[in-house]
Amino acid sequence: TLFPSVVQIDIVMQNRFMERASMFDRLKESDRGCVILMAAILEEDLRRLHHANVNLLVAKREIADITKIVFEGRLSRFADKIAAARKYDLISEEERKALDLIRDLRNDAAHREYNFSFGEDEVKKLLNDLRELLNPERTNTGGKQEFVALAGQLDDALKSKHTELVQQINKL
């Protein structure tokens, strides 16, 4: 059956609780590790979102759209997943920009020979840009804690979109 049971819903809620609890672990990471970890979580969210979208199209028997995604879409890189999610209207333009900023931060953190720090002016600017996109009313606390909060907000939005797609599939 496609409908989730109460046990399955409980497991999902327990997993969300564990993910939230692990936010504290993310704060224990180095600045570099924190950015790389959060980007990996968001990239996995996008992969799951694309998977659910294809499943929905299959359930609706929308063969032309499935063919486009399969033959036109490259989804191996984070940038590709972001671009395709925007192209197929799975994320908003603001979310695309935010994901691209996080991808830029991830690339910067991953490819530096020297230390990566949220205290650097260039990183502070990217973090400020991310805050302006996702939550302009948020007080600028700066640093790792703000990055984790903003990336967590984006993580929640992507997971919510995934849940909506799964619910649409279950209704068919």
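A.B. asks: Got a sec to walk through helix 2 (residues 31–60)? Specific residues and values, please.
C.D. replies: Compared with an ideal rise of 1.5 Å per residue, which puts 30 residues at 44 Å, helix 2 spans 44 Å between its outermost C-alpha atoms and is within 8% of the ideal. Immediately beyond the C-terminal end of helix 2, within one or two residues, lies R61, with a positive phi of roughly 60°.

A.B. asks: Go over the pattern of salt bridges, please, and point to the residues and values.
C.D. replies: Evaluated as defined, the whole model comprises 19 salt bridges. Measuring nitrogen to oxygen at the nearest pair gives 3.1 Å for the salt bridge that ties D80 to R77. With relative accessibility at 47%, the residue R77 sits in the partly exposed group. The shortest N-O distance in the salt bridge between R103 and D100 comes to 3.4 Å. In this pair, R103 and D100 are both assigned in helix 5 (residues 93–111), three residues apart and thus about one turn of the helix distant. With respect to burial, R103 and D100 carry one shared label: buried. Shared partners join several salt bridges into a network, and the residues in it are R86, D89, E93, R96, D100, R103 and D104.

A.B. asks: Can you break down helix 6 (residues 121–134) residue by residue, with the values?
C.D. replies: The end-to-end C-alpha distance of helix 6, which contains 14 residues, comes to 20 Å, matching closely the 20 Å that a straight helix rising 1.5 Å per residue would cover. Restricting attention to buried positions, one finds in helix 6 the residues V123, L126, L127, L130, R131 and L134. Take helix 6 and look down its axis: the buried residues cluster within an arc of 140°, on one side only. Helix 6 presents D121 and K125 as exposed residues on the side facing more than 90 degrees away from its buried surface. On its buried side, helix 6 packs onto helix 5 and helix 7 (143–171).

A.B. asks: An account of the packing of helix 2 against helix 7 is requested, with residue identities and associated values reported.
C.D. replies: The angle between the axes and the distance between the axes are what describe a pair of packed helices. The geometry of helix 2 relative to helix 7 is characterised by a closest axis approach of 9 Å and an angle of 10° between their N-to-C directions. The angle between the axes of helix 2 and helix 7 places the two elements in the roughly parallel class. The element helix 2 and its partner helix 7 pack so that their crossing is left-handed. In terms of residue class, the contact of helix 2 with helix 7 is built from 17 nonpolar, five polar and eight charged.

A.B. asks: Please set out the side chain of E43 residue by residue, giving values where relevant.
C.D. replies: Along the polypeptide, E43 turns up in helix 2. A residue is classified by how much of its surface remains accessible, and E43, at 17% relative accessible area, is buried. If we ignore the near neighbours within four places in the chain, the residues touching E43 are S76, R77, F78, K81 and R106.

A.B. asks: So what's going on with the packing of aromatic side chains? Which residues, and what values?
C.D. replies: Across all of its chains, the model carries two aromatic pairs by this definition. Between the aromatic rings of F116 and F118, the centroid separation amounts to 5.9 Å while the plane-to-plane angle is 75°, which identifies the pairing as edge-to-face. A relative accessible area of 3% means that F116 is categorised as buried. Overall, F118 belongs to the buried group, its relative accessible area being 4%. Aromatic ring contacts, followed pair by pair, group F116, F118 and F147 into a single cluster.

Rules used in this analysis
- Residues numbered from 1 in each chain as written.
- Predicted model: local features only at pLDDT ≥ 70, side-chain atom pairs only at ≥ 80, totals over all residues.
- Heavy atoms only, no water.
- Helix = DSSP H or I, 4+ residues; strand = E, 2+ residues; numbered from the N terminus.
- Expected span 1.5 Å × (residues − 1).
- Salt bridge = Lys/Arg side-chain N within 4 Å of Asp/Glu carboxyl O.
- Buried < 20%, exposed > 50% of the residue type's maximum accessible area, 1.4 Å probe, protein only.
- Arc of directions from axis to C-beta.
- Contact = heavy atoms within 4.5 Å.
- Axes fitted to C-alpha atoms, helices over the stretch in contact; angles between N-to-C directions.
- Parallel < 35°, antiparallel > 145°, perpendicular 65-115°, else oblique.
- Left-handed = near helix turned anticlockwise from the far one by under 90°.
- Nonpolar A, V, L, I, M, F, W, Y, C, P; charged D, E, K, R; others polar.
- Phe/Tyr/Trp six-rings, centres within 6.5 Å; stacked < 30°, edge-to-face > 60°.

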